[in-house]
Amino acid sequence: MTQYFDLTGQVAVVTGASTGLGLQMAKAFANQGANLVLLARRFNLLEQNAAQIAEQYGVEVLPIACDITDTNAVINAVDRTMERFGRVDILVNNAGTGAIGDAETITDEQFKHELEIDLFGTFVCAREFGKKMIAAGYGRIINIASMYGLVGNMIAGSSPYHAAKGGVVNLTRALAAEWGKHGITVNSICPGYFYTELTTATLDSDYFQSIAKRSIPLGRYGREGELNTCALFLASPMSTYVNGQNIAVDGGYTSI
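Right, let's walk through the structure included here.

Rules of the game
Residues numbered from 1 in each chain as written. Predicted model: local features only at pLDDT ≥ 70, side-chain atom pairs only at ≥ 80, totals over all residues. Heavy atoms only, no water. Buried < 20%, exposed > 50% of the residue type's maximum accessible area, 1.4 Å probe, protein only. Helix = DSSP H or I, 4+ residues; strand = E, 2+ residues; numbered from the N terminus. Pairing = 2+ DSSP bridges. Salt bridge = Lys/Arg side-chain N within 4 Å of Asp/Glu carboxyl O. Axes fitted to C-alpha atoms, helices over the stretch in contact; angles between N-to-C directions. Parallel < 35°, antiparallel > 145°, perpendicular 65-115°, else oblique. Left-handed = near helix turned anticlockwise from the far one by under 90°. Contact = heavy atoms within 4.5 Å. Phe/Tyr/Trp six-rings, centres within 6.5 Å; stacked < 30°, edge-to-face > 60°.

Strand S1 (residues 11-15) sits mainly inside the fold: five of its five residues count as buried. Here S1 shows no split at all, with Val11, Val13 and Thr15 on one side and Ala12 and Val14 on the other all buried. The sheet contact formed by S1 and strand S4 (residues 90-93) spans three bridges and is parallel. By the bridge assignment, Ala12 is partnered in S4 with Ile90.

Structure representation (structure tokens):
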């Protein structure tokens, strides 16, 4: 029987892995046998996550404090990954932020900060880890964009976020076009609203529940784990002919 999602012996790097969707995807990779490199700024959370994942799934986990907007910090993370494992097969660019505010009140600093983390940070990680993938002739890069990289919204002003995530969507296409010849696929996932420890109270409010019922064909927000299977598919060695795609995992929000 073919195990399509088997990642045994592979090394997956996940940014923004201290909480939320990044941690969920990291656990999904570990469940399929991948060793992990967890990157985020809050090292105390990474250490806790690494110990728990290693114990539960029996894989090796390397936590590294890393600010993805600091090129030297990213290079250090690459070096430590190669020293520990000697390879990198999967990169999930998940770290991000979100500036909320009406466009007419957003400051230059807010806009630049958004682009620096969500777009520049994604590029730097792809570039530096991508060099190792190019040398190996294989790689799977998954950029976590957003459904708001595909459409606008009337719920809350967030033009810098839309701009940055839209950039990630087309950066994905550009890298896919450049690196396909090296055996590297580059795809993005565009999540809708998902429940995490930080969003549950907001999404369960009457206001957001009414939005879900009228705006999302499935009538609800994403549950824990519902992003994992898409990430596993794109990370799998079996997804050899999927490249440069942007997959919305949003309950159908962007289909209407």
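Oppositely charged side chains can pair when the atoms bearing their charge come close. Inspection of the entire model under this criterion finds five salt bridges. Salt-bridge contacts for Arg220 lead to Glu226; the nearest nitrogen and oxygen are separated by 2.9 Å. Among the charged side chains, a salt-bridge network with shared partners connects Arg127, Glu128 and Lys131.

Here we come to the packing of helix H1 (residues 20-31) against helix H8 (residues 228-235). Packing of H1 against H8 brings their axes to within 9 Å, and their N-to-C directions diverge by 55°. By the angle class used here, H1 and H8 are oblique. Every pair of crossing elements has a handedness; the one defined by H1 and H8 is right-handed. Contact residues: Gln24, Met25, Ala28 and Phe29 in H1; Asn228, Ala231, Leu232 and Ala235 in H8.

Among the structural elements, Ala177 can be located in helix H5 (residues 159-179). Since its relative accessible area comes to 64%, Ala177 is described here as exposed. Taking C-alpha positions, Ala177 is 7.1 Å from Gly244, a pair spaced 67 residues apart along the chain.

What follows concerns the packing of aromatic side chains. In the structure shown here, the tally under the stated rule is seven aromatic pairs. Between the aromatic rings of Tyr193 and Phe208, the centroid separation amounts to 5.8 Å while the plane-to-plane angle is 80°, which identifies the pairing as edge-to-face. With a gap of 15 residues between them, Tyr193 in the loop between strand S6 (184-191) and helix H6 (200-203) and Phe208 in helix H7 (residues 206-215) connect regions that are remote in the sequence. Look at Tyr193 and you get partly exposed, because its relative accessible area is 24%. Grouping aromatic residues by their ring pairs yields a cluster made of Tyr148, Tyr193, Tyr195, Tyr207, Phe208, Tyr221 and Tyr253.

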